Amino acid sequence: MAAAPAPPGPGAALDLGLESLLREAVAAVDRAGEELVAALGAVRAALAAAGGPTALGERERALFGALLRRLARAPGAARPEGLWQCCFLEGPPGLVLCVLLEALGSAGSGLDPREVAVVLEQFLQQGRLSALLWEVCQPQAQAGCLELQGTLLSKIVCLPEHVSNKLLGKNPPVFFPQNYFPLLGDAVLQVLEKISDSLREEILGVLVPRLTDLTKSDCIWQRICWQLVECVPDRWMEAVVLGFVQRAPGADVLSRLLGNLVVKNKKAEFVVAQKMLLLQYGHTTAVLQNLLGYLALDSGRRPLLLRVLQDLLQTWSSSSAVKHSPAEQQLYISKAILICLSHLKEPEIASCRQELLTSMMEGVKCHLGSSLPQLRRLGMVVAESICSSINTEGPVLKFEYEEDDETRELKSLLVQTPSFCVVPSLPDNDRSEKAGAALPLVPERNENSCTAAPVKADEESDAELDSDDDLIPYDMSEDKELKLKAPMYIRDCIEVLTGSRPEDVDKWEATVKALESLVRRNPAATREVSVELAKILLHLEEKTCIEGFVELRQRAQVAVLVTDPIPVAKYLTSQFYSLNYSLRQRMDILDVLVLAAQELSCPKFHGKTKHSGVQKPCIQLLPESDSSKGWRRIVDERIKSKTRRFDTGQSRVELASCPNEFNSVAGYFFFPLIQHFDRPLTTFDLLGEDHLVLGRLVHTLAVLMYLAVNTVAVTAMGKALLEFVWALRFHTDSYVRQGLLSCISSLLLSVPTERILADMTEELLETQSWLGDVMEKDPDGDCRRLALQNLLLMENLKKKLEAVPS
Amino acid sequence: MALPPPDPQFVLRGTSAAVHTLHFSCGGPDPDIPLLFSGSENGFIHVWNLKTHRVDTALDGHGRKSVCCVKTMGGKDRLLSQGRDQRICLWHLAEGRTSVTDSLFTEHVGFCRCSLLQVAQGRWLMAMAARSLEEVQILELPSKTSVCTLKPEVGAKLGMPMCLKLWQPSCGSQPVLLAGYEDGSVVLWNVSMGKALSRLSCHQEPVMSLDFDSEKARGISGSSEKVLSIWSLNEQQNLQVYKTHELINAGISDITIRPDKKILATAGWDHRIRIFGWKKLKPLAVLDYHTAAAHCVSFSDHSSPRDRLLAAGSRDQRISVWSIYAHT
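As recorded in an unreviewed UniProt entry, chain B goes by G protein subunit beta 1 like and comes from Junco hyemalis.

Looking up chain A in an unreviewed UniProt entry gives the name Telomere length regulation protein TEL2 homolog, with the organism given as Junco hyemalis. Its UniProt record gives chain A the following Sequence similarities (unreviewed entry) comment, quoted word for word: "Belongs to the TEL2 family."

Below is the structure:
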């Protein structure tokens, strides 16, 4: 009896083994000691091997019940500690609950009520309650007497009262009704989910693969199958269709299984053509391909495909949908459009070319107007695809955007003719014919490749009698034109940049490239002409195609602004709101302000050039300059990516130890920007059409606010910003809202806690309720996340206040 | 496939300023050490020992103002230097002396280098830009007596003289001066008569440097443009454009024809030294070593042709010394 014989496997041998093991264990309870330990261990092992308590048969259950009862009644010393609890926790849950409650009710030498309570607590916490409910739901259990179920039910419901009665109020918190019933509710829900899953799994998991096989070559089975799905009652049609679409390995299979269901059944049509495409967006691309491929496979269904495409396009081109629906859904719709296009044939497209064109124009307009780059790109890809399919010859629409995985995936949807849609009985000889026709083309091309190079005319035969013949030249192929030297003085640069002589293109290029370093090396000379230079740079247009022109110009602008912050910031902020600038220029201004502010507030940014003197004391103060550098880099990156999760405690300490040059100029950067946003100009309306610029402005303000930490103006800035945010909080553009939420984050991080409380409590309370709303209701995922972050920041603030005794 | 251009024979470093002028003195008999004089922007004249490649002496005579011309007078112990302090100094260097023995105030503020011509043993003529803008003055050295002043005709509008070359058609005949001017023209002056013989407008921009081969009666000039201009002097003492040569990059700061008149070298603003055959102006080599504009080129006066060197000084403060076409 030393080692438990491992049961050889499920079946008769197991039953016998478990049964005899249980008998032995029951007998062993009386004898206690080593033998009982071994017997219980053997029972547990056998039970686990059999697959848990559900595998127990009628007789074994009875024996298990007896074992548990004997255990419960046995004196405490006779029960091997740890092992008996396991028996209770692993046994059939219904049985266990009955025995435990019996033990609780009976006074005697057996289990102490407190021990019972501990086991019960574990029983509840390990989710045995849902196991119990699941057990009751099993078919064999339902066959058992209803009376037993009734008892169990009442026991489950009365458990808290029961326990607290016995323990005289010293029951663990799990048994408090406010804790227990939610637990019970959870268990019920889990069981319900499990039931529904297993039902669906069972039916469709068996049905679909089998039907797939059967319908492959048998038209009778096909008819049966069609009949089957057509007769599904309307209420369940959706679940059935969805299940078939998800499970079918390809569109052709789906077509075999469903037949023309969508044409015959209104409900199925609604599910396929509306619900799955326009209302839901969680399905995978494969499901979409199945679905649309299915629609395309039969001439009876193709009109529906065309209609689906029109519906999709209507959604795609609706500006309100673009504005308000989540990006994932728009991606989904775009995919569906592209798949539709890949299935449509020339004449079909021709029949609705005008409509396609109209909605494409509409859609492009509102997608390009969106401030989210992903949506813009989506619009471009879809528009290109539509254009190329409605317009096979002639000029093709081509946008400039960077390819990424998403666009490549989208494009592959269009190009690919889904292989599983191809009727498998495609005549093979047809294919080889085509290949044969293509073959002879190849050799023809090679013929004229070897045109003889004309023999060089003896041009050089002109005898050079009096020549330098004895002097053999060296290789001079390296003698190329030298890159033109850039001007050495700032004023020269101005002259070059403002000059309009066309022959100076090279010089102009060299100047643009050299300007930043020139400005940084000559701060004094720059200050003399800073505003003039800023003006020139702001208006500088790309004359020739220089690589990285925009970046070069921007770096020069930043250098000028950093060198002479106050007048240049005044100039730039005033220009932001003045007439006759393009949106691009206005956004350039914002970018430059942000980058310069960032540089001013972090002296290490350009440590090599001019701050080397300043830097030294910093290093002494900060022994771990490397780690702080890393930290700074991370913050920069985060600011750029516009997500903010800051380790607030540390950031303050480290920033404080560097001289913040932004301190004295923060106001010049910030306040002029915030002043005029609500005054539309004839060419520039921030609150109207130009919401992209507004979004950038808001993000800029957020970054400036963040960088203004520890500056004198920070509180005033915070107040102004809060009002600004409040005025714009219901803006329709999600990019703007994201910016506003970033503003709040920066504010909470930058403004000292005591100032926040003293000066803007009420505003903050209002903001808090707004944040709550955003977190719950905003259609944009990023907005929701930012709002949540803000609320957490506020929470932290509160905690910090409580921690510090005032 | 042509050979790649050679690397410098050696490089002299340590002037700690841009090098503006170079002059060899290697023609002495054997125990004499070959020397190279260099004048740099910080006012020093360095005397380089070409055996050790070290500076033997550094002469400071121009008040830390740029030295633009250094010439020996006779042996290597007599030196003439011109600086931007508007002075021309005469040095005695024998027996380790480093003193200025005589000096001359030119009152000229331009960049024009002076030109020296030995007319007899111990007698030299020197041409230099004079105080008034367009004039050139000829002096006799060492007496410093003025021979004549060459004034352009009224209304000629030549601008300042930029470069000068004094030469003698044949021994004993009248010395002649070729002067390149700011307006891009080259003028031939008869020194003894003080009269312009011929004027040739061969450049659009100021003439930066010129050299003349009296045997072939042909000269070459370079400016800030992309063109080298070769001109000839006919029997009627008229200058005519013989040929132009287009360069890859603009700007020539110095041109020197090797004493044997076989090749010539140019120092370019594009950092490069170019070597041409003198007969046909056939491009021979482009020496790309310097990292800033080359200011001057000079050929050595070694008595054995095989030892001949070419030196180039540049704004990058280095002097590169090359051995190129020494055997031909």
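Novice: Looking at this structure, I do not really get the overall build of chain A. What am I missing?
Specialist: The helix and strand inventory of chain A stands at 40 helices and zero strands. Counting over 806 residues, chain A shows a buried share of 46%. Put simply, of all contacts in chain A between residues at least 6 apart along the chain, 74% involve residues at least 24 apart. Here chain A displays about 42,000 Å² of accessible surface, and carbon together with sulfur accounts for 57% of that area.

Novice: Looking at this model, I keep getting lost on unusual backbone geometry. Mind explaining?
Specialist: Leaving glycine aside, a negative phi is the common case for residues, and trans is the common case for peptide bonds. Cis geometry is adopted by the peptide bond preceding Pro142 of chain B, which originates at Leu141 of chain B and carries an omega value of 0 degrees. Looking at the element boundaries, Pro142 of chain B is found in the loop between strand S12 (136-141) and strand S13 (145-150). At Asn580 of chain A, a position not held by glycine, the phi torsion is positive, near 60 degrees. Tracing the sequence through the fold places Asn580 of chain A in the loop between helix H30 (565-576) and helix H31 (583-601). The phi angle at Arg64 of chain B is positive, at roughly 60 degrees, despite the residue not being glycine. The topology assignment puts Arg64 of chain B in the loop between strand S5 (54-60) and strand S6 (67-72).

Novice: Please clarify how the pattern of salt bridges should be interpreted in this entry.
Specialist: Taken as a whole and judged by the stated rule, the model has 42 salt bridges over all chains. Between Lys798 of chain A and Glu795 of chain A there is a salt bridge; the shortest N-O distance is 4.0 Å. Of this pair, Lys798 of chain A and Glu795 of chain A both sit in helix H40 (residues 781-803), three residues apart, roughly one helical turn. Residue Lys798 of chain A is classed as partly exposed on the basis of its relative accessible area of 45%. Close ionic contact of Arg64 of chain B with Asp60 of chain B constitutes a salt bridge, the shortest N to O distance being 3.0 Å. Residue Arg64 of chain B is classed as exposed on the basis of its relative accessible area of 52%. Take Asp60 of chain B: its relative accessible area is 38%, and that puts it in the partly exposed class. Each of Asp479 of chain A together with Asp270, Arg272, Arg274 and Asp288 of chain B takes part in one network of salt bridges that share partners.

Novice: How should I be thinking about the interface of chain B and chain A in this particular structure?
Specialist: The parts lose accessible area when they come together, and the size of an interface is often stated as this lost area. Taken together, the contact pairs 30 residues of chain B with 17 residues of chain A. Taken over both partners, the interface formed by chain B and chain A buries close to 2,100 Å², and the fraction arising from carbon and sulfur atoms is 55%. It is Lys279, Lys280 and Lys282 of chain B that lose the most area in chain B upon contact with chain A, and together they represent 23% of the buried surface on that side. Among the salt bridges present, the one from Arg274 of chain B reaches Asp479 of chain A, with a minimum N-O distance of 2.4 Å. Counting the contacts that link chain B with chain A gives six residue pairs in polar contact (both at pLDDT 80 or more). Broken down by secondary-structure element, the contributors of at least two residues to the side of chain B that touches chain A are strand S24 (272-277) and strand S25 (283-288) of chain B. It is S25 of chain B that provides the largest number of residues to the side of chain B that touches chain A, a total of four residues.

Novice: Even after reading the chapter, I still don't get the environment of Ser20 of chain A, so can you show me in this structure?
Specialist: By the secondary structure assignment, Ser20 of chain A is in helix H1 (residues 12-31). For the pair formed by Ser20 of chain A and Leu63 of chain A, sequence separation is 43 residues and the distance between their alpha carbons is 9.6 Å.

Novice: Looking at this model, I keep getting lost on the packing of aromatic side chains. Mind explaining?
Specialist: Any pair of aromatic rings gets described here by the distance separating the centres and the angle formed by the planes. In this structure the tally under the stated criterion is nine aromatic pairs over all chains. Aromatic side chains Tyr289 of chain B and Trp322 of chain B sit 6.4 Å apart centroid to centroid with 80 degrees between the ring planes, which places their arrangement in the edge-to-face category. Linking Tyr289 of chain B in the loop between S25 and strand S26 (294-299) with Trp322 of chain B in strand S28 (residues 318-322), this pair joins segments that are 33 residues apart in sequence. Judged by relative accessible area, Trp322 of chain B falls into the buried class, the value being 2%. Here the aromatic residues Trp167, Phe212 and Trp231 of chain B are joined through ring pairs into a cluster of three or more. It is Arg729 of chain A that lies over the ring of Trp726 of chain A; its NZ or CZ is 3.5 Å from the centre. Just above the ring of Phe111 of chain B sits the side chain of Arg84 of chain B; from NZ or CZ to the centre is 4.4 Å.

Novice: Explain the packing of helix H28 (residues 523-539) of chain A against H30 of chain A here, please?
Specialist: To describe two helices that pack against each other, one gives the angle between their axes and the distance between the axes. Residues and elements named next belong to chain A. Between H28 and H30, whose axes approach to 9 Å, the crossing angle comes to 35 degrees. Remark: the crossing between H28 and H30 carries right-handed chirality. Residues Ser530, Val531, Ala534, Lys535, Leu538 and His539 of H28 form the contact with H30, whose participating residues are Pro567, Val568, Tyr571, Leu572 and Gln575. Residue composition of the contact of H28 with H30, by class: seven nonpolar, three polar and one charged.

Novice: When you look at the environment of Glu269 of chain A in this model, what are you seeing that I'm missing?
Specialist: Residues and elements named next belong to chain A. Checked against the element boundaries, Glu269 lands in helix H15 (residues 266-279). It is 8.8 Å that separates the C-alpha atoms of Glu269 and Leu304, two residues lying 35 residues apart in sequence. Apart from residues no more than four positions distant in its own chain, Glu269 is found in contact with Val262, Gln274, Leu304 and Arg307.

Novice: Please clarify how the state of the cysteines should be interpreted in this entry.
Specialist: Under the criterion given, the structure shown has zero disulfides over all chains. Sulfur of Cys163 of chain B: no disulfide; nearest cysteine sulfur belongs to Cys112 of chain B and is 6.7 Å away.

Novice: Can you walk me through the sheet that holds S13 of chain B in this structure?
Specialist: Strand pairing in a sheet relies on backbone hydrogen bonds. The paired strands run either parallel or antiparallel. Residues and elements named next belong to chain B. The four strands lie next to each other as S10-S11-S12-S13, forming an open sheet whose pairing is antiparallel. Among the strands making up the open sheet, the edge pair consists of strand S10 (115-120) and S13. In this sheet, adjacent strand axes meet at a mean angle of 20 degrees when their direction is disregarded. For S12 and S13, the ladder comprises five bridges, and the chain directions are antiparallel. By the bridge assignment, Glu140 is partnered in S13 with Thr145.

Novice: Would you take a moment to explain the side chain of Gln557 of chain A for this structure?
Specialist: With respect to the element layout, Gln557 of chain A can be found in helix H29 (residues 549-563). Those residues in contact with Gln557 of chain A, other than ones at most four positions away along the chain, are Leu537, Leu538 and Val592 of chain A.

Novice: What should I look at first to understand the nonpolar core in this one?
Specialist: One broad rule of soluble globular proteins: the nonpolar side chains tend to lie buried together. All names here are of chain A. The biggest cluster of nonpolar side chains holds 94 residues, and the ones touching the most others in it are Phe576, Phe662, Phe669, Leu697, Leu721 and Phe724. It is helix H36 (residues 691-707) that provides the largest number of residues to this core, a total of eleven residues. Apart from the residues lying within four places of it in its own chain, the contact partners of Leu697 are Phe576, Tyr577, Leu590, Leu673, Phe677, Leu686 and Phe724. Val245, Leu288, Leu295 and Ile337 belong to the second-largest nonpolar core, a separate cluster that totals 73 residues.

Novice: For this particular structure, what's the right way to read H28 of chain A?
Specialist: Because an α-helix packs 3.6 residues into every turn, residues spaced three or four apart end up facing the same way. Residues and elements named next belong to chain A. Of all the bends found along H28, the most pronounced is centred on Val529 and spans about 75 degrees. Considered for burial, the residues of H28 that qualify are Thr526, Val529, Ser530, Leu533, Ala534, Ile536, Leu537 and Leu538. In this structure, the buried residues of H28 make contact with helix H26 (490-498), helix H27 (505-521), H29, H30 and H31.

Novice: I would appreciate a short explanation of the pairing of S12 of chain B in the present structure.
Specialist: As a general feature of sheets, a regular strand has side chains that alternate between the two faces. Residues and elements named next belong to chain B. Here S12 lies mainly inside the structure; five of its six residues are buried. Direction of pairing for strand S11 (residues 123-129) relative to S12: antiparallel, over a ladder of six bridges. Each bridged residue has a counterpart across the sheet, and for Met128 the counterpart in S12 is Gln137. Two successive antiparallel strands, S11 and S12, enclose a turn made up of six residues. Count of turn residues in the S12/S13 antiparallel hairpin: three residues, of which Lys144 carries a positive phi of about 65 degrees.

Novice: Would you mind going over a nonpolar patch on the surface with me for this structure?
Specialist: All names here are of chain A. The grouping of Leu153, Val157 and Phe181 at the surface amounts to a nonpolar patch, some 260 Å² of accessible area in total. With respect to the secondary-structure elements, Val157 resides in helix H9 (residues 146-167). Given a relative accessible area of 41%, Val157 falls into the partly exposed group.

Novice: Before we go on, may I ask you to explain helix H21 (residues 353-368) of chain A in this structure?
Specialist: Residue and element names in this part refer to chain A. Helix length check: H21 (16 residues) gives 22 Å between terminal C-alpha atoms against 22 Å at 1.5 Å per residue, within 8%. Within the span of H21, buried status applies to Leu356, Ser359, Met360, Gly363, Val364, Cys366 and His367. Each element contacted by the buried residues of H21 is listed here: helix H17 (302-316), helix H18 (319-324), helix H19 (327-343), helix H20 (346-351) and helix H22 (373-390).

The rules we used
- Residues numbered from 1 in each chain as written.
- Chains lettered and ligands numbered in written order.
- Predicted model: local features only at pLDDT ≥ 70, side-chain atom pairs only at ≥ 80, totals over all residues.
- Heavy atoms only, no water.
- UniProt positions renumbered as here; feature names shortened; annotations may be inferred.
- Helix = DSSP H or I, 4+ residues; strand = E, 2+ residues; numbered from the N terminus.
- Buried < 20%, exposed > 50% of the residue type's maximum accessible area, 1.4 Å probe, protein only.
- Contact = heavy atoms within 4.5 Å.
- Areas by Shrake-Rupley, 256 points an atom, 1.4 Å probe, with all protein chains shown as cover.
- Salt bridge = Lys/Arg side-chain N within 4 Å of Asp/Glu carboxyl O.
- Buried area = accessible area lost by both parts, 1.4 Å probe.
- Polar contact = N/O pair within 3.5 Å; in protein donor to acceptor, adjacent residues only side chain to side chain.
- Phe/Tyr/Trp six-rings, centres within 6.5 Å; stacked < 30°, edge-to-face > 60°.
- Lys NZ or Arg CZ within 6 Å of the ring centre and 35° of its normal.
- Axes fitted to C-alpha atoms, helices over the stretch in contact; angles between N-to-C directions.
- Left-handed = near helix turned anticlockwise from the far one by under 90°.
- Nonpolar A, V, L, I, M, F, W, Y, C, P; charged D, E, K, R; others polar.
- Disulfide = S-S within 2.5 Å.
- Pairing = 2+ DSSP bridges.
- Core = buried A, V, L, I, M, F, W, Y, C linked by side-chain atoms within 4.5 Å.
- Bend = angle between axes of the 7 residues up to and from the residue.
- Patch = residues over 30% accessible without salt bridge, like charges linked within 9 Å, V, L, I, M, F, W, Y side chains within 5 Å.
- Expected span 1.5 Å × (residues − 1).

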